[in-house]
Amino acid sequence: MAARTKARKRAVDILFESEQRGLEPLVLLRDRVAQPRTEAAVPQYTVDLVEGVTGHRERIDELLETYSHGWTLERMPAVDRALLRIGTWEILFNDEVPDAVAVDEAVDLAASLSTDDSPSFVNGLLGRIVDVKPTLLA
């Protein structure tokens, strides 16, 4: 597994856990950086992802609600919410990651972490975000 893929997985874990436990993601992130609970330290890209998603979460959630066609955020599996938030942040706010890579990574993680229907749902919704990106950044 590539370094950024591992970092994304850790970010999903942190965002998912923070939501399940009712904790602020940045507080949990700070705890995980101080005490990783694994042999590996928390990668810097994980920190960037969690901080980026948290900093833009209101806008990201608004876009996900707008373009999910009939799915509220609350109705989505929690893992999918975390993946979609990360993917949307990478697409809109991280110029270092090509849009196609952000979508592919989110879809691959959805295939390994979530429901059978999740990869196509994540692909479709993030694909829509990519399609409307020019109008969102204007």
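As shown above, the structure is provided for reference.
Residues numbered from 1 in each chain as written. Predicted model: local features only at pLDDT ≥ 70, side-chain atom pairs only at ≥ 80, totals over all residues. Heavy atoms only, no water.

Any chance you could explain the nonpolar core here in plain terms?
General note: in soluble globular proteins, nonpolar side chains tend to be found buried as a group. Residues Y67, L84, I86, I91, V122, L125 and L126 are the most contacted members of the largest nonpolar core, which totals 41 residues. No other element matches helix α5 (residues 78-93), which puts eight residues into this core. In contact with L126, not counting residues within four places along its chain, are L84, G87, T88, I91, V103 and A106. (Core = buried A, V, L, I, M, F, W, Y, C linked by side-chain atoms within 4.5 Å. Buried < 20%, exposed > 50% of the residue type's maximum accessible area, 1.4 Å probe, protein only. Helix = DSSP H or I, 4+ residues; strand = E, 2+ residues; numbered from the N terminus. Contact = heavy atoms within 4.5 Å.)

Sorry if this is basic, but what is going on with the environment of H69 here?
With respect to the helices and strands, the residue H69 is situated in the loop between α4 (57-67) and α5. Overall, the relative accessible area of 63% leaves H69 in the exposed class. C-alpha separation for the pair H69 and T88, spaced 19 residues apart in sequence, amounts to 16 Å.

Help me out: how do you make sense of empty space enclosed by the protein in this one?
If a probe as big as a water molecule is rolled over the atoms, it shows which places are left empty. Per the counting criterion, the structure on display carries one cavity of 30 Å³ or more. Considered as a void within the structure, the largest cavity measures approximately 40 Å³ in volume. Where the lining of the largest cavity is concerned, the elements lending two or more residues are α1 (3-21), α5 and α6 (99-113). Residue composition of the lining of the largest cavity, by class: six nonpolar, one polar and two charged. (1 Å grid on protein atoms, 1.4 Å probe; cavity = no way out; pocket = protein on both sides within 12 Å on 5 of 7 lines; lining within 4 Å. Points joined across faces, edges and corners; volume = space filled by probe spheres on them. Nonpolar A, V, L, I, M, F, W, Y, C, P; charged D, E, K, R; others polar.)

Which parts of the structure should I look at to understand the packing of aromatic side chains?
Note on aromatic pairs: each is described by the distance of the centres and the angle between the planes. The tally for this structure, following the rule as stated, stands at one aromatic pair. Judged by centre distance (5.3 Å) and plane angle (50°), the rings of W71 and F121 are tilted. Of the two residues, W71 sits in the loop between α4 and α5 while F121 sits in helix α7 (residues 118-136), which places them 50 residues apart along the sequence. Accessibility expressed as a relative area gives 30% for W71, which makes it partly exposed. The ring of Y45 has R4 sitting right over it, with the charged end atom 4.1 Å from the ring centre. Positioned above the aromatic ring of W71, the side-chain terminus of R75 is 3.8 Å from the ring centre. (Phe/Tyr/Trp six-rings, centres within 6.5 Å; stacked < 30°, edge-to-face > 60°. Lys NZ or Arg CZ within 6 Å of the ring centre and 35° of its normal.)

Would you explain the side chain of D80 in this entry?
Turning to its location among the elements, D80 is positioned in helix α5. Put simply, D80 is tucked away with no salt bridge, and the nearest opposite charge, on R81, sits 8.5 Å away. Among the polar contacts made by the side chain of D80, one reaches the side chain of S118 at a distance of 2.7 Å. Other than its neighbours up to four places away in sequence, D80 contacts S114, S118, F121 and V122. (Lys, Arg positive; Asp, Glu negative; His and termini not counted. Salt bridge = Lys/Arg side-chain N within 4 Å of Asp/Glu carboxyl O. Polar contact = N/O pair within 3.5 Å; in protein donor to acceptor, adjacent residues only side chain to side chain.)

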